[in-house]
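Each chain is listed here by its residues.
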Amino acid sequence: MTGTARRPIALLGVPLDANSSHLFGCAGGPTAIRQALRSGSGNDATERGVDVIGAIDDQGDVEDSNERGSVADADAITAAIAAILDDGRRPLSLGGDHSVTFPILRAVAERFDDLTVVHVDAHPDLYDDLDGNPLSHASPFARAMEEGLMTRLVQLGIRTANAHQREQATRFGVEMLGPRQLERFDPFSIRGPVYLSVDLDGLDPAVAPGVSHHEPGGLTFREVLDVVDALPAPIVGADIVELNPSRDLVDMTAMVGAKLVKEIAGAMLRGVA
Ligand code: MN
Ligand code: MN
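Calculation criteria
Residues numbered from 1 in each chain as written. Chains lettered and ligands numbered in written order. Predicted model: local features only at pLDDT ≥ 70, side-chain atom pairs only at ≥ 80, totals over all residues. Heavy atoms only, no water. Helix = DSSP H or I, 4+ residues; strand = E, 2+ residues; numbered from the N terminus. Contact = heavy atoms within 4.5 Å. Donors = N, O, S within 2.8 Å, 3.2 Å for Na, K, Ca; no water. Buried < 20%, exposed > 50% of the residue type's maximum accessible area, 1.4 Å probe, protein only. Expected span 1.5 Å × (residues − 1). Polar contact = N/O pair within 3.5 Å; in protein donor to acceptor, adjacent residues only side chain to side chain. pLDDT = per-residue confidence, 0-100. Pairing = 2+ DSSP bridges. Right-handed = clockwise from strand over helix to strand, strands pointing away.

(A) Expanded view of the environment of Ala 82. Its location among the elements puts Ala 82 in helix H2 (residues 71–86). Along the chain, Ala 82 and Gly 271 lie 189 residues apart, while their C-alpha atoms are 19 Å from each other. Ignoring any residue separated from it by four or fewer positions in sequence, one finds Ala 82 in contact with Ala 107 and Arg 111.

(B) Local environment of the coordination of the manganese ion (ligand 2). Distances from the manganese ion (ligand 2) to its protein donors, namely Asp 121 (OD), His 123 (ND1), Asp 199 (OD), Asp 201 (OD) and Asp 201 (OD), fall within the range 2.2 to 2.4 Å. The sequence pattern formed by the donor residues of the manganese ion (ligand 2) is D-x1-H-x75-D-x1-D. Between the two metal centres, the manganese ion (ligand 2) and the manganese ion (ligand 1), the spacing is 3.3 Å, with Asp 121 acting as a shared donor. Of this pair, Asp 121 sits in the loop between strand S4 (116–120) and helix H4 (140–146) while Asp 201 sits in the loop between strand S7 (194–199) and helix H6 (221–230), and the two are 80 residues apart along the sequence. By relative accessible area, which is 0% here, Asp 121 ends up buried.

(C) Inspection of H2 at higher detail. An ideal rise of 1.5 Å per residue puts 22 Å on 16 residues; H2 measures up with 22 Å between its terminal C-alpha atoms. Listed in full, the buried residues belonging to H2 are Asp 73, Ala 74, Ile 77, Thr 78, Ile 81, Ala 82, Ile 84 and Leu 85. The inward-facing, buried residues of H2 contact strand S1 (9–14), strand S2 (56–61), strand S3 (90–95), helix H3 (101–111) and strand S8 (235–241). Its side-chain oxygen at 3.4 Å from the backbone nitrogen of Ala 72, Ser 70 defines the N-terminal cap of H2.

(D) Molecular detail of the coordination of the manganese ion (ligand 1). Listed as protein donors to the manganese ion (ligand 1) are His 98 (ND1), Asp 121 (OD), Asp 125 (OD) and Asp 199 (OD); their distances from the metal cover 2.1 to 2.2 Å. All donor residues of the manganese ion (ligand 1) come from one chain, and their arrangement in sequence is H-x22-D-x3-D-x73-D.

(E) Focus on the confidence of the model for the protein. Looking at the protein as a whole, its pLDDT mean stands at 96, while 98% of the residues score no less than 70. In this model, residues 1–5 is a region of pLDDT below 50 whose contacts with residues beyond four sequence positions or in other chains number three contacts.

(F) Main features of the pairing of S7. Within S7, six of the six residues are buried, leaving the element largely enclosed by the surrounding structure. Covered by surrounding structure in S7 are Val 194, Leu 196 and Val 198 together with Tyr 195, Ser 197 and Asp 199, the residues of both alternating faces. Note that S4 and S7 share five bridges and pair parallel. Bridge pairing links Val 120 to Val 198 in S7. Relative to S8, S7 runs parallel, the two being bridged by six bridges. When the sheet's bridge partners are listed, Val 194 is paired in S8 with Ile 235. For the segment spanning S7, H6 and S8, crossover handedness is right-handed.

Right under this line is the structure:
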């Protein structure tokens with residue numbers, strides 16, 4: 001083990017919103033979540049009483065061009081995650097739009113077999129094509145399934161699946177659960193390593209208004225925290241995406257993101273010796 005093992009979780013910002021649709025602004029997400037983490041309004045402890053901040057090493061941001069459909073940006077994200085994993089640590093990434101998750105998963109899947117991805121979102125993000133951009137934030141899980149990056153994809157909070165996306169889910173064997181079906185989520189059925197991807201618009205916009213696509217009728221923050229708490233070890237990586245600070249109200253979504261950083265980091269530590 002290297003000295004960095006004392007900080008087993010690597011926080012990585014990915015300031016990229018060029019693959020968004022409808023609105024831009026979530027390139028400012030990493031900065032807003034870091035500010036909320038450091039705001040002094042709370043402390044370093046998780047709800048289970050783990051002082052987690054000392055376990056997190058902030059790696060700064062990926063350098064990206066933030067150009068629409070940029071393969072170079074995707075490759076830079078994959079390389080940054082690969083470097084973290086090869087250093088024996090676990091990446092916790094801050095988006096950015098949801099396009100960042102596909103290049104992240106390329107690095108994770110190369111190092112972990114039999115991966116289960118748990119994905120919280122209002123949207124399935126399974127479009128074969130939206131606006132001619134294969135790296136769109138509406139398509140990361142289509143690209144990931146096409147490349148066979150995971151054994152299971154379990155989606156929670158989905159409430160916008162149109163006919164095309166339902167077809168895609170069937171084609172790829174995606175397990176899609178809407179807000180009314182959350183109780184069907186069975187964390188005990190998960191075998192092997194877990195990757196968690198949280199799109200903040202999976203939450204109800206009443207608790208997380210700072211997102212580009214408001215979709216009322218979403219999950220409560222307590223429900224999402226309970227999902228995080230129930231995930232079995234090892235959680236080998238995670239991301240929190242789609243915070244758009246220009247849409248936020250009194251930084252409340254940034255604070256939701258910051259609390260998720262702490263609680264996800266705490267859950268990740270359960271699998272670390
Ligand atoms: Mn999404
Ligand atoms: Mn979404």
